[in-house]
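Residue strings, one per chain:
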Amino acid sequence: MAENSFGSYLMSSEDGKTWDNVCPIKDYPDLQGDPNTLDSTTLSDPAHTYIDDIEDTGGGLAFTANYDWDTYQKLYALKGEEKYYGVWFGHTEDTPGVFTPDGSRGKFKGKGKLNVTKSGAGVSAVSDMKITITLSEPMLPDLAAPAA
């Protein structure tokens, strides 16, 4: 079954238990990386052999959001502060048009530091900002997390 990206949220938490929606996002990166491979070939192997190394996300996880000065300032104040960050999929709609993230379609969480930068723009373009989370703990699926 296919899933729509509608209802995807960038979340943050001080303690990993109580979560807040950081800001509306326009996209999210691959949350996990493929493992690097290590060459384990010996001189008696007829072909190369490999073993898995650790996963690599390639650096920070970059998210795009619409630029808004108030939101930018809020995010800039978090710069360099280590927190839990997550991406939640799914929400409830208790009031028509008001969506509350609940992670009912999955939750991923890790720990890291946030950075925000103003993105460039051209003629007739939406003004964006880039949010980057540099992970100090991997972004992993929260398999035990019940829907909030």
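Just above, that's the structure.
Throughout what follows, the structure given in this document is the object of discussion. (Residues numbered from 1 in each chain as written. Predicted model: local features only at pLDDT ≥ 70, side-chain atom pairs only at ≥ 80, totals over all residues. Heavy atoms only, no water.)

The next subject is the overall build of the protein. When its secondary structure is counted, the protein shows 1 helix and 10 strands. Beginning at the N terminus, the succession of helices and strands in the protein can be written as β-β-β-β-β-α-β-β-β-β-β. The C-alpha atoms of the protein give a radius of gyration of 19 Å, which is well past the 15 Å a tight globule of 148 residues would have. Its C-alpha atoms give the protein principal-axis dimensions of roughly 65 × 40 × 30 Å. Here the protein, with 148 residues, has 32% of them falling under the buried criterion. Considering only contacts within the protein whose residues lie at least 6 apart along the sequence, 62% involve residues at least 24 apart. Counting only carbon and sulfur atoms, one obtains 52% of the accessible surface of the protein, whose full area is about 9,300 Å². (Helix = DSSP H or I, 4+ residues; strand = E, 2+ residues; numbered from the N terminus. Rg over C-alpha atoms; globule rule 2.2 N^0.38 Å. Buried < 20%, exposed > 50% of the residue type's maximum accessible area, 1.4 Å probe, protein only. Contact = heavy atoms within 4.5 Å. Areas by Shrake-Rupley, 256 points an atom, 1.4 Å probe, with all protein chains shown as cover.)

We now examine the sheet that holds strand S6 (residues 82-89). Ordered by their spatial adjacency, 6 strands build an open sheet running S2-S1-S6-S9-S10-S5, and the pairing between neighbours is antiparallel. Since the sheet does not close on itself, it has two edges, and those belong to strand S2 (20-23) and strand S5 (61-66), each with one partner. Along the sheet, successive strands turn relative to each other by an average axial angle of 45 degrees, direction set aside. Note: strand S1 (residues 8-13) against S2, 3 bridges, orientation antiparallel. The residue bridging Ser 12 from the neighbouring strand is Asp 20, located in S2. With respect to the sheet, helix H1 (residues 69-76) is in contact with S2, strand S9 (107-118) and strand S10 (128-141), its orientation differing from that of S9 by roughly 115 degrees. (Pairing = 2+ DSSP bridges. Axes fitted to C-alpha atoms, helices over the stretch in contact; angles between N-to-C directions.)

Together, Asp 30, Asp 34, Asp 52, Asp 53, Glu 55 and Asp 56 give the surface a local cluster of negative charge. Along the polypeptide, Glu 55 turns up in strand S4 (residues 50-55). (Patch = residues over 30% accessible without salt bridge, like charges linked within 9 Å, V, L, I, M, F, W, Y side chains within 5 Å. Salt bridge = Lys/Arg side-chain N within 4 Å of Asp/Glu carboxyl O. Lys, Arg positive; Asp, Glu negative; His and termini not counted. Charge placed at Lys NZ, Arg CZ, Asp CG, Glu CD.)

Attention now moves to the nonpolar core. In this structure, Leu 31, Phe 63, Leu 75, Leu 114 and Ile 131 are the most contacted members of the largest nonpolar core, which totals 21 residues. Elements represented by at least two residues in this core include exactly S2, S5, H1, S6, S9 and S10. The element best represented in this core is S10, accounting for 4 residues. (Core = buried A, V, L, I, M, F, W, Y, C linked by side-chain atoms within 4.5 Å.)

Counted by the stated rule, this structure contains 7 aromatic pairs. Counting every residue linked through ring pairs, the aromatic cluster contains Tyr 67, Trp 69, Tyr 72 and Tyr 76. Here Lys 107 stacks its cationic end above the ring of Trp 88, 4.1 Å away from the centre of that ring. For Lys 118, the ring lying beneath its charged end belongs to Tyr 67, and the centroid distance is 4.9 Å. (Phe/Tyr/Trp six-rings, centres within 6.5 Å; stacked < 30°, edge-to-face > 60°. Lys NZ or Arg CZ within 6 Å of the ring centre and 35° of its normal.)

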